[in-house]
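Inside the fold
The lines below spell out each chain.
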Amino acid sequence: MIYVLNGPNIGRLGTREPEIYGRTTYADLVQICQDTAKRLGLEAEVRQTDAEFEMIRWLHEAADEGADVVLNPGAWTHYSIAVRDACSMLRGRLIEVHISNIHRREEFRHKSVVTAVATGAIIGLGVDGYRLAIEHLAQVGDRA
């Protein structure tokens with residue numbers, strides 16, 4: 001099981017700033033993740049929340065299971081120590097994903113508090129970053 005967890009406003013894909021995030025809808029993103037996992041013989045549980053406490057609960061669940069996580073923390077990327085601390089408890093691998101290139105945007109978006117505890121990060125490749133993250137988790141057998 002791979003958890004694909006999405007933070008605030010990701011559920012608005014397709015309508016939120018399409019010039020930045022593209023026209024792919026959240027429903028399309030869910031389908032991409034599930035189809036990619038299925039093709040690789042895995043299962044992806046895709047979730048989105050605008051509530052920080054719920055994200056933390058999901059990260060704790062993944063930690064307890066030792067599951068791998070693909071995480072787009074949305075705005076929490078830049079300031080949520082609580083989300084970062086929940087990520088640090090994961091026993092599985094964590095791939096941080098951002099649809100846009102956070103380093104080409106406003107200054108406040110350049111810093112991620114999550115990256116330091118992530119296995120890796122995929123930034124600025126659109127929703128294709130999710131597919132790449134799932135493929136990486138499927139191909140990399142060791143948990144280094």
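Note that the structure is predicted; figures quoted are calculated from it, not measured. (Residues numbered from 1 in each chain as written. Predicted model: local features only at pLDDT ≥ 70, side-chain atom pairs only at ≥ 80, totals over all residues. Heavy atoms only, no water.)

1. Some thoughts on helix α5 (residues 128-139)
Side chains three or four residues apart in an α-helix point the same way, a direct result of the helix having 3.6 residues per turn. As a reminder, the rule being used: Helical segments are the DSSP runs of H or I of at least four residues, strand segments are the runs of E of at least two, and each set is numbered from the N terminus. Expected span of a helix, by definition, is 1.5 Å for each gap between consecutive residues, and there is one gap fewer than residues. For this analysis, residues touch if any pair of their heavy atoms sits within 4.5 Å.
With 12 residues, α5 extends 17 Å between its outermost C-alpha atoms, agreeing within 8% with the 16 Å of an ideal straight helix rising 1.5 Å per residue. Contacts made by the buried residues of α5 are with β1 (2-6), α2 (26-39), β3 (68-72), β4 (94-98) and β5 (120-123).

2. Digging into the environment of A118
Note the threshold: For the exposure calls, accessible area comes from a 1.4 Å probe over protein chains only, and a residue counts as buried if that area is under 20% of its type's maximum, exposed if over 50%, partly exposed in between.
Within the fold, A118 resides in the loop between β4 and β5. Using a relative accessible area of 17% as the deciding quantity, one classes A118 as buried. Each C-alpha atom, one on A118 and one on I2, is 15 Å from the other, the two residues being 116 residues apart in sequence. Not counting residues within four places of it along the chain, the set of residues in contact with A118 comprises L94 and E96.

3. Notes on the sheet that holds β1
How we decide: In this description, strands pair whenever DSSP reports at least two bridges between them. Helix axes are fitted to C-alpha atoms over the stretch in contact, other axes to C-alpha atoms as well, and angles between N-to-C directions run from 0 to 180 degrees.
Spatial ordering of the open sheet is given by β2-β1-β3-β4-β5, a layout of five strands whose pairing is parallel. Edge strands, defined here as strands with exactly one partner in the open sheet, are β2 (44-48) and β5. When the angles between neighbouring strand axes are averaged without regard to direction, this sheet yields 15°. Here five bridges tie β1 to β2, and the two strands are oriented parallel to one another. Its bridge partner being in β2, I2 is matched across the sheet by A44.

4. What about the packing of α2 against α5?
Where we set the bar: Angles below 35 degrees are treated as roughly parallel, those above 145 as roughly antiparallel, those between 65 and 115 as roughly perpendicular, and all remaining angles as oblique. Definitions for this section: a left-handed crossing has its near helix turned counterclockwise from the far helix by less than a right angle. A right-handed crossing has that turn clockwise.
Contact geometry of α2 with α5 gives a least axis separation of 9 Å together with a crossing angle of 25°. Relative to α5, α2 is oriented roughly parallel. In this structure, the crossing between α2 and α5 has a hand that is right-handed. Along the contact surface, α2 presents L29, C33, T36, A37 and R39, while α5 presents Y130, R131, I134 and E135.

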